[in-house]
Amino acid sequence: MGNNLAAIVPSSILPVGSYLGEVSDIQNYQSLGNTRFMKVLRCNRINEGEIVIKVFVIPSSQISLQQKQEEIQKIERNLRYCPNCLPFQQSQITDKAGFLFRQFVHHNLYDRLSIRPFLTDIEKRWIAYQLLLALAQCFKSHTSHGDIKTENVMITSWGWLLLTDFASFKPTYLPSDNPSDFNYYFDTSRRRTCYIAVERFEVKEFNTTPLYELTPSMDIYSAGCVIAELFLDEPLFDLFKLMEYRNRKYDPRTHLAKIKNPEIAAMIASMIELDPGSRAIASEYLTKYTPSIFPLFFKTFLYEYMKQYAMQPKMLPDEVIDRLAIDFPQFENILSDRGAYCSAILIIQSLVAANIRSLRYCESKLCAIKLIGLMSEAMESEAILERNIPLCIWMFKDLNARVRCEAIRVLTSSLMHVTVVPRSEANIFPEYIFPELRRLERDPVLSVRAQFAACVAPLAKCALRFLDLSQEYSRGSEAIPSDSPLMNYDSELAELQTNIQGIMKNLIQLSEPLIVRTILHGDRLNALCVFFGRKGIGQFMLDHLCTLLNFKEDWQLRAQFFESIVSLAAYQGWQSTTFLKAFLLQGLLDPEEFVVVSCVNATGALCDLNLLKRADIFEIADHIAPLCFHPNLWIRHSAVGFIASCASALSLADRYGRLRPLISNYLTRDVVQLQSSYAILCHMRPALSRKIFDQFLRLSSVQLEGALNFAEQTVLKNHLVNTNPAHCRSKSSTVSSLEFDKEDEQLQAILTRLFANGMRTEDLEKVLQLRFLLEQGNQERSLNNPGNSYLGKIIVSTIKPKCYEYSGDDKPVPRLAELGSRRKPRAPPASLQCRVLDFANAGIVAEKLPISEYRSRQTSSCARTLDAFLKHADSLYSTRVAANNYFSTFQNEFKVIDSKWCLSHHLVAHLQEHSSIINRMSLSRDHAFFASVSEDGTCCIWDTERFESGKPTNKSSLVIESRNQSPYRSVAFCGSRQKIALATAAGDIALHHLSIESENRRISQKQESMRHIDCEDDGPIVDMGFLSPGSEDILVYATMNGSISGWDLRIPNIKSAFELQSDLRYGLITSLLVHPNQMCLVSGTSSGAHMIWDLRFQLPVKTLNHPTGRRVRRLLAHPSDPSLFISSVQDNNEVSIWEIESGARTTVLLANAPPPYNSNNSGTDAVHAMFGWISTDHQLRILTGGSDQRIRLWDTMYPAESYIFSPAALDGRSHTISTSYSMSLVEGTQIIEENFQRKPKGQSTKPPRGPELPDPGHRDIISDLLVYQTQFQTFLVSADFSGVIKLWK
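Draft legend 1. The overall build of the chain, seen in detail. Within the chain one finds 37 helices and 45 strands. Burial status across the chain gives 52% buried among its 1289 residues.

Structure representation (structure tokens):
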């Protein structure tokens, strides 16, 4: 195919289809170009897909194409494994034509330069980098291209470059004085652009040109022209300019100066040098201009990563996305530089964009959308708007609802990452995003509409921000034409608000409560308030929100209304509260108690914001104050919170002149700190019981009216009795004392039943205070059941109920008995004696709604199913416990301290078998033995019966020595007395089995199992406890570094039953308490934190921090109330009683204390040992011992009865000590303080009658206390750091 081929005219010109008949498996061809030299067709080949066929019509039978075919086949073999080269894969010669076959690629570089999204600078560098790599691959394969131009550089949809159409069959040299050959062979696009190297134009005419005359420098020149067009967006040469450049009449460097990067211009200038010898090879350009032009991550990461998607076998789209989802989290670690990471993500994003439309599986689609959201965090604003937003909107059409939901979410999050809005994208919301989103308003799937509703507020916020950014861009940009008018901000904002209003109206009008709750949830309402402004809130938001109260079936939506009005009122101002006051008063009467809680909380928030007028505050307070008697704890707390908010908002005169009298009826005493919710709660009168409240709600209208009238009369009579002593002898207002007519027998039965179920006379006043709620609830029930005030009847005449009724005396109940011999018990007053009312023969028929049916109407089906399941589980548990002999035996062996026990100051024994510090003692559950462990590495087992006999012993029954003489740190009896666990400082936990001979009570032991703790990682063991939930035996131990583990003793060789890890931010663990309810643990730390662990979920549920932040020394369970626990800290011998539910300290015991809560004057003494029990008068008493060597007995109810049971050994030598105890209330916490005084003794003139007896007290720090009870006596055991154990009666 020499230069003379252009002059040959074929004998006949036939249609292209006539030549394709000789090619098999070809379908549906279409023309891509038709020139004199070749015809280019796009066809479908069976089993291969789309291909490109180039047809060369043989003009004369004298021309042979065999040599050219061999050259093409050789090029295909050389470049088969080059990832950036796409040679002709097949060639075929017939009598009429020659055919070249290759893969079809949609876009070439020339097309890609004019297709949106336009190439960014980093993408252009990436294409140039791949083009030079393709030339380097050709050079390594000893192959030249011969016709490099933008039409022959193919770009895939994901940015991979392929150099194709290798022109070995075209002439190497062309005549410079005749452009016909250039037009015939090379100007196939008719654009007159020229990429041919200047040295290929010669004056002489060559008829034939061998292939080897093509040189790599010629391809470098053509590649330089392509790269120049890539960065200039226009061709560098046409044929005329090339000839001028060849004759040195034109300098392209002046044109290259338009390129912003001078390094790129210098590289192109070097590639198009007139002297071929001055041009370098492709690999040298890559080395020289890395990283000045080509970032280093092109070579180290990006090219190798993207190449795997280009090599055979090709991945399916779903496989590509799955691979990207796995690799994406590693990109940021590989590309440590933030700029490199963002640039790489922009290029990799094209992989997602190219495959997302071809995905088949839902999971792959979800991964692709999530990848778009993650990539938006690293992409520039313009790239997000042009590349990611269209992909998200396209996924709105997907058939899967999950995909549509995720597309909405990612669209919203991507828009939030846009920080710069160019003028061309200023109207993207009203012209593109909002019209596409309108399709989702009527989506048939509720979850899609709910997700759309959740994104309405963020989208409105983004739209407003886009408008502001576009205004700033318009004012600051100099590229805007002078005749282009600036946007009108108000009109644009009005258009956006109209779009959002339309969307919200359509969503709310669907009457889907979930949709409305989603729109108004959390911060979304605040965003909508900012978007609409004060005018829009008044005209649109409030009008639509008020309709939420019409959803009678959905109480959550009504509660959401009251949670939302706070934000609306905050933006609208105090003017809106007059409009909202009616809704607030209506919310207080809502039949759903959670709605009432939301209403009261909202009212308190409005009061905190000073949005309520003074008159409105008192009007609303009149309605909320009675809720202090409501049986619902949340409602009571909300009402107290509102009162505290009112006190903060009112003046001093209104606070104490009007508010305090208003709430005085609900308090047991006057409260000064009305701004403190906790102070009010501490002095609240008891609420009306839930049982009584529900019974009043179930009454019919007539029955309720009669009951309320009776209550009103009774309260009035009691008031007269209290104000006029002459009425004291009048008839008391009890049910039996009132005279009822025959038609009022039903009312008498109702009232009798109420009093029999626990209602007292003082509850009638509370019922009257809640009268408005009872009447509203009755009215709601009547409306729900027209013409039927009750649904069921219970005949009580067939049973014989006995009703116990108090006589009506409301005097405070005195204490019935006192612990110890210091006070004598007082007899109960006659007013508390009960009399029995027998209605066996009354024949009364009480008409009421059955409680089960009433509850079923008040609760959802889910709650009823859960209740049934819990009842079934409880019955199964009870059956299993009853069938478990071991658990029954264990319960029978467990002993508690007799509440009548009192101390007598009698020292029974002084034991000193240990030679070092006694760290801990433990008592068996049947009180038969107790154990003590010491720093000397011994554990002593003591038989409690030996101390009760007339011959007490000073020797233990058994001594267990530790391995390697490691100190014992903790001890615990496990289950019964037969097993004991010992923990050493070396991290060993040994489980020993104790055997007892019944004849002589001799004890022997055998080690059953051993567990070792790594002290370097977990720290030493600080405390242990035994847990027995059901039939399990679990030893719980805690280490200093925060590890809490449960060792199942039934399978000692298996790993822990549970493992908990405490947050070391709260300090190191110093103590552990296994709660008596077997469902939670309490751990104390070195920084004063008490962490509550729920063993059912194995999670920390609450952390209670001590105000001083000092170390927790010891933890003790409250002997009767599972919601309380006791702890001691390293400060002033302080012992605190904590309430788990509220997190408050209810009581604090201080010995030798500074002023309360004064952290500057803290002491050094601490309580190391505690023991608590409940006395006969149901009051808590605590024994404490610690570093001051004294044992104290604290009476929490009567502090004056507290005293030092055992002074220190040196206290009475030269001084006389005296103590007094006082109680004060500080911020709702009861403080019991000890006033310790020491006076020197006077010198006695009388000589001693004999040797002085040693003092019975301790001489070192008391480390532990325990109390055990035998058949006849109760003993106190105390141990100290000197190794001494003392027994007291």
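Draft legend 2. Region of interest: the packing of aromatic side chains. Considering all chains together, one arrives at 38 aromatic pairs under this definition. Measuring from centroid to centroid gives 5.5 Å for Tyr305 and Tyr309, while their planes differ by 75 degrees, and the two rings are edge-to-face. For Tyr305, a relative accessible area of 9% puts it in the buried group. Tyr309 gets classed as buried once you look at its relative accessible area, which sits at 5%. The ring of Trp394 carries Arg357 above its face, with NZ or CZ at 5.2 Å from the centroid. Lys766 extends its terminal NZ or CZ atom over the ring of Phe629, reaching a point 5.7 Å from the ring centre.

Draft legend 3. Quick look at the sheet that holds strand 19 (residues 938-943). Spatially, the 4 strands line up as an open sheet ordered 17-18-19-20, and their pairing is antiparallel. Because the sheet does not close on itself, it has two edges, and the strands there are strand 17 (918-923) and strand 20 (958-961). Neighbouring strand axes in the sheet, compared pairwise and without regard to direction, differ in orientation by 20 degrees on average. One ladder, built from 4 bridges, connects strand 19 with strand 20; its direction is antiparallel. If you follow Ile941 over to strand 20, its bridge partner there is Leu958.

Draft legend 4. The arrangement of the environment of Leu768 in detail. In this structure, Leu768 sits in helix 32 (residues 761-769). In this structure Leu768 comes out as partly exposed when scored by relative accessible area, which is 22%. The spacing of Leu768 and Glu712 is 56 residues in sequence and 7.1 Å in space, taken between C-alpha atoms. Residues in contact with Leu768, not counting those within four places in the same chain, are Leu708, Ala711, Glu712 and Val715.

Draft legend 5. Local environment of the pairing of strand 45 (residues 1285-1288). Here strand 45 shows a buried face lined by Ile1285 and Leu1287 and a second buried face lined by Lys1286 and Trp1288. The pairing of strand 16 (residues 907-911) with strand 45 spans 4 bridges and is antiparallel. Directly across from Leu907, in strand 45, lies its bridge partner Trp1288. Bridge count between strand 44 (residues 1274-1280) and strand 45: 4 bridges; the pairing is antiparallel. Note that in strand 45 the partner of Leu1276 across the bridge is Trp1288. Linkage of strand 44 to strand 45, two consecutive antiparallel strands, is achieved through a turn of 4 residues, within which Gly1283 is found at a positive phi near 90 degrees.

Draft legend 6. Up close: the sheet that holds strand 45. Strand order in the open sheet made by the 4 strands is 16-45-44-43, with antiparallel pairing throughout. One side of each edge strand has no neighbouring strand; the edge strands of this open sheet are strand 16 and strand 43 (1262-1269). Taking each pair of neighbouring strands and ignoring which way they run, the sheet shows an average axis angle of 15 degrees.

Draft legend 7. Summary view of the packing of helix 12 (residues 317-334) against helix 14 (residues 362-376). Running from amino to carboxyl end, helix 12 crosses helix 14 at an angle of 45 degrees, the nearest separation of the two axes being 9 Å. One way to sum up the angle between helix 12 and helix 14 is to call them oblique. For the element pair helix 12 and helix 14, the recorded crossing hand is left-handed. Note on element contacts: helix 14 touches helix 12 through Ser364, Cys367, Ala368, Leu371, Leu374 and Met375, opposite Asp318, Ile321, Asp322, Leu324, Ala325 and Phe328.

Draft legend 8. Highlighting the pairing of strand 42 (residues 1229-1240). Direction of pairing for strand 36 (residues 1145-1151) relative to strand 42: parallel, over a ladder of 5 bridges. Pairing of Val1148 across the sheet is with Ile1231, part of strand 42. Summarising the sheet, strand 41 (residues 1215-1226) and strand 42 pair through 12 bridges and their orientation is antiparallel. Bridging from a neighbouring strand, Val1226 pairs with Thr1229 of strand 42. In sequence, strand 41 turns back onto strand 42 through a hairpin of 2 residues, with Glu1227 there showing a positive phi of about 50 degrees.

Draft legend 9. How the structure looks around the nonpolar core. If you look at the biggest cluster of nonpolar residues, it comprises 253 residues, and the most contacted ones within it are Leu132, Leu256, Phe294, Met306, Leu415, Phe429 and Phe696. A total of 15 residues in this core trace back to one element, the largest contributor, which is helix 18 (residues 446-476). Excluding residues that lie within four positions of it along the chain, Leu256 makes contacts with Ala228, Leu232, Leu236, Ala265, Ile268, Ala269 and Ile272.

Draft legend 10. Here's a closer look at the state of the cysteines. Applying the stated criterion across every chain, the model contains 0 disulfides. Summary of cysteine pairing: Cys367 is not part of a disulfide, and the nearest cysteine sulfur, belonging to Cys362, is at 9.5 Å.

Draft legend 11. How the structure looks around unusual backbone geometry. Pro117 follows Arg116 through a cis peptide bond whose omega is -5 degrees. Mapped onto the elements of the fold, Pro117 is located in the loop between helix 3 (109-112) and helix 4 (121-140). In this chain, Thr290 is followed by Pro291 through a cis amide linkage whose omega measures 10 degrees. In this structure, Pro291 sits in the loop between helix 10 (282-288) and helix 11 (296-307). For Gln965, which is not a glycine, the phi torsion comes out positive at approximately 55 degrees. By the secondary structure assignment, Gln965 is in the loop between strand 20 and strand 21 (968-973). Its relative accessible area of 67% is what places Gln965 among the exposed residues.

Draft legend 12. Up close: the environment of Leu385. Here Leu385 shows up in helix 15 (residues 381-394). Owing to a relative accessible area of 4%, Leu385 belongs among the buried residues under this scheme. Setting aside chain neighbours within four positions, we find Leu385 in contact with Pro390, Leu415, Val418, Pro422, Glu425, Ile428 and Phe466.

Draft legend 13. Quick look at helix 4. For helix 4, which comprises 20 residues, the first-to-last C-alpha distance of 29 Å matches the rise-based estimate of 28 Å (1.5 Å per residue) to within 8%. Burial analysis of helix 4 places 16 of its 20 residues in the buried class, which makes it a mostly covered element. Where helix 4 terminates, the next one or two residues include His142, which has phi positive at roughly 60 degrees.

Draft legend 14. Up close: the pattern of salt bridges. One pass over the structure, following the stated rule, counts 51 salt bridges. Of the charged contacts in the structure, one is a salt bridge between Arg439 and Glu436, with a shortest N-O distance of 3.4 Å. Judged by relative accessible area, which is 17%, Glu436 ranks as buried. Here Glu619 and Lys581 are joined by a salt bridge, their closest N and O atoms 3.1 Å apart. Of the two residues, Glu619 sits in helix 25 (residues 614-624) while Lys581 sits in helix 23 (residues 575-587), which places them 38 residues apart along the sequence. Residue class for Glu619 comes out partly exposed when judged on its relative accessible area of 31%. Several salt bridges share partner residues, and in doing so they unite Asp1188, Arg1190, Arg1192 and Glu1234 into one network.

Cut-off values and rules
All residue numbers here refer to positions counted from 1 along the written sequence of the relevant chain. In keeping with the predicted nature of the model, local features appear solely for residues at pLDDT of at least 70, side-chain atom pairs appear and are counted solely at 80 or more, and the whole-chain, interface and lining totals rest on all residues. Side-chain figures throughout are based on the complete set of non-hydrogen atoms in the structure, without hydrogens or water. Helix numbers and strand numbers start at the N terminus; a helix is a DSSP run of H or I with at least 4 residues, a strand a run of E with at least 2. Residue exposure (1.4 Å probe, protein chains only): buried if accessible area is under 20% of the type maximum, exposed if over 50%, otherwise partly exposed. Working definition: rings of Phe, Tyr and Trp (its six-membered ring) pair if their centres are within 6.5 Å, and the pair is stacked with planes under 30 degrees apart, edge-to-face with planes over 60 apart, and tilted otherwise. Both a distance and an angle decide whether a charge sits over a ring: NZ of Lys or CZ of Arg must be within 6 Å of the ring centre and within 35 degrees of the ring normal. Only when DSSP finds a minimum of two bridges between them are two strands counted as paired. Helix axes are fitted only over the stretch in contact, all axes being lines through C-alpha atoms; the angle between N-to-C directions runs from 0 to 180 degrees. Contact criterion: two residues are considered in contact whenever any of their non-hydrogen atoms come within 4.5 Å of each other. Each angle is binned into one of four classes, with values under 35 degrees roughly parallel, values over 145 roughly antiparallel, values of 65 to 115 roughly perpendicular, and all other values oblique. Handedness of each helix crossing follows the sense of rotation of the near helix against the far helix: counterclockwise by less than a right angle gives left-handed, clockwise gives right-handed. Residues belong to one nonpolar core when they are buried, are Ala, Val, Leu, Ile, Met, Phe, Trp, Tyr or Cys, and are joined through side-chain atoms within 4.5 Å. The disulfide criterion is simple: two cysteine sulfur atoms within 2.5 Å. Expected helix span is computed as 1.5 Å times (number of residues minus one). Salt bridge, as used here: a side-chain nitrogen of Lys or Arg that lies within 4 Å of a carboxyl oxygen of Asp or Glu.

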